[in-house]
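# Summary of structural features
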Amino acid sequence: MMSKSVNLGGMNRLELPESLRALNVLSFNLKLLRFFGILIDYSRSSSRWEVPLYLMLQSGIVFLHAQHVICTMVEMYILRDRPQDVGDGFIFLIAHVKNVMKLGTLIVYRTKFISLINSLERNYFVHERPHTDTELPLLESYMRLTKRLAMYVWISYALTTSSIYFNTPPRPKFDIESNSTMSGEQMTIRRESGMKEWLPFQAIETPYFELVTAYELLSMTAYFGCVTLMNITFLALIIYTTAQFAVLANALQQAATNVSKMLNNHVNYSLSSTTVDASGSNTELSEGKQDFRPENRTATNYDSEDTDSSHSPRTQLIRCASRSTFFADSVKRSSGKVGFHEEMQKYLSQCVKHHQILLDYSKLLDRSVSPVMFMQMLCTAVLLAFIGVLLSTATDSARYIRAVSFLGYVLMEFGMICWIATELQVQ
């Protein structure tokens, strides 16, 4: 499992290994969000029909969110004489308002979120080199954490929609209703929604009863699916930003080791023109220059018949070659120390530049998700207070269990966000 470099137009772009790219939940989320007409990059539209189509999809999902808010308010007004049902409706209303804020944030700051997602993979690389053996497991741990949390959220979505499907009451039989005391109002008897929402044609004897019921279930499925995608997207962005800072921290901790490995890969590079290679031939000799070693030297007119003379040209040339070899070894040892400090300075300088890039990225993320986080805090505070009132005034065990389930869901969602945000702050 190694990072790879891809050549694009003469430029090398580093990419994560396929095993890590498969763990990226944002790529899957982005495809589904585009299905709902959200986070669309209109500049890449290849057909003139794509933009109107995406705008229609976006209008449809906006309509679903608005429908849940308005229909919940109408249902609360209809049930105004039943305080417990009004309380349940108020909890759903607060949740719908929070989801509307998330959708509006993604639509208004569409270009910012697209920029954040597109620059994620590039920010995983501190230096223009593949990841080290310590950086890859670190990235994998954060991506696996995101995937596990995403699976948990999807399981919650599946359980919620399944409970709504299974708890949908069938059409009551007319002969049972005719024996009741409300025989004069049979045409106005309504089927109450499990989500405390009013919809037209909910009367029991309307010919559109099954059609409205099917529309309610399908609209809830699409609505909660979009909400799940938005929650996972915000969560993944925060976790992946934390992973970027974690990789930078690891690069600083392993600075000496990484620089030493980089130098070992380029050792003898600066002295390659003066040192002897493994085959025993000098690199300068390959260029056609005179070889003064005794076994390879060619005869010259400077050779003296007295080969033992210390003042002969042959002896002087051999001594000169020996001094050159000793000087090259000395330069190599000294340049190794100088090269390490120079490489370390370049390494740390690149870390500082990358840290500035991550700070700009985190500021952009903060500006983009601040409205969502503010609404999350506000809605959580209101829901905790209101659920406490419901728990203290519950008259039967069923309502008490429902209020406890509401409380658990609110605490789980808020606690998960606080945990991930704390990890980001620590990094």
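Residues numbered from 1 in each chain as written. Predicted model: local features only at pLDDT ≥ 70, side-chain atom pairs only at ≥ 80, totals over all residues. Heavy atoms only, no water.

### Notes on the overall build of the protein
Helices and strands together make up the secondary structure of the protein, namely 12 helices and two strands. In sequence order, the protein lays out its α and β elements as β-β-α-α-α-α-α-α-α-α-α-α-α-α. Residues classed as buried in the protein amount to 37% of the 427 residues present. The contacts in the protein between residues at least 6 apart in sequence include a share of 73% that link residues at least 24 apart. (Helix = DSSP H or I, 4+ residues; strand = E, 2+ residues; numbered from the N terminus. Buried < 20%, exposed > 50% of the residue type's maximum accessible area, 1.4 Å probe, protein only. Contact = heavy atoms within 4.5 Å.)

### A short note on the UniProt feature "transmembrane region" (unreviewed entry) in the protein
As annotated by UniProt and renumbered to match this structure, "transmembrane region" (unreviewed entry) occupies residues 149-166, 217-240, 372-394 and 400-421. For residues 217-240, the end-to-end C-alpha separation is 34 Å, with 100% helix and 0% strand making up the annotated structure. (UniProt positions renumbered as here; feature names shortened; annotations may be inferred.)

### Digging into the packing of aromatic side chains
Applying the stated criterion to the full structure yields six aromatic pairs. Their ring planes at 80° and their centres at 5.7 Å tell us that Phe-92 and Phe-406 sit as a pair that is edge-to-face. Placement of the pair is Phe-92 in helix α4 (residues 83-108) and Phe-406 in helix α12 (residues 397-426), with a sequence separation of 314 residues. The two residues Phe-92 and Phe-406 agree in class, both being buried. (Phe/Tyr/Trp six-rings, centres within 6.5 Å; stacked < 30°, edge-to-face > 60°.)

### Section: the confidence of the model for the protein
When pLDDT is averaged across the protein, the result is 76; 72% of the residues are at 70 or more. Every residue in residues 176-187 scores below 50 in pLDDT, and together they form 11 contacts with partners more than four places removed in sequence or on other chains. (pLDDT = per-residue confidence, 0-100.)

### A few points about the packing of helix α2 (residues 25-35) against helix α9 (residues 209-253)
Between α2 and α9, the least distance of the axes is 10 Å, while the angle of their chain directions is 145°. The chirality of how α2 crosses α9 is left-handed. From α2, Val-25, Leu-26, Asn-29, Leu-32 and Leu-33 reach across to α9, where they touch Leu-229, Met-230, Ile-232, Thr-233, Ala-236, Leu-237 and Tyr-240. Grouping the amino acids of the contact of α2 with α9 by side-chain chemistry returns 10 nonpolar, two polar and no charged. (Axes fitted to C-alpha atoms, helices over the stretch in contact; angles between N-to-C directions. Left-handed = near helix turned anticlockwise from the far one by under 90°. Nonpolar A, V, L, I, M, F, W, Y, C, P; charged D, E, K, R; others polar.)

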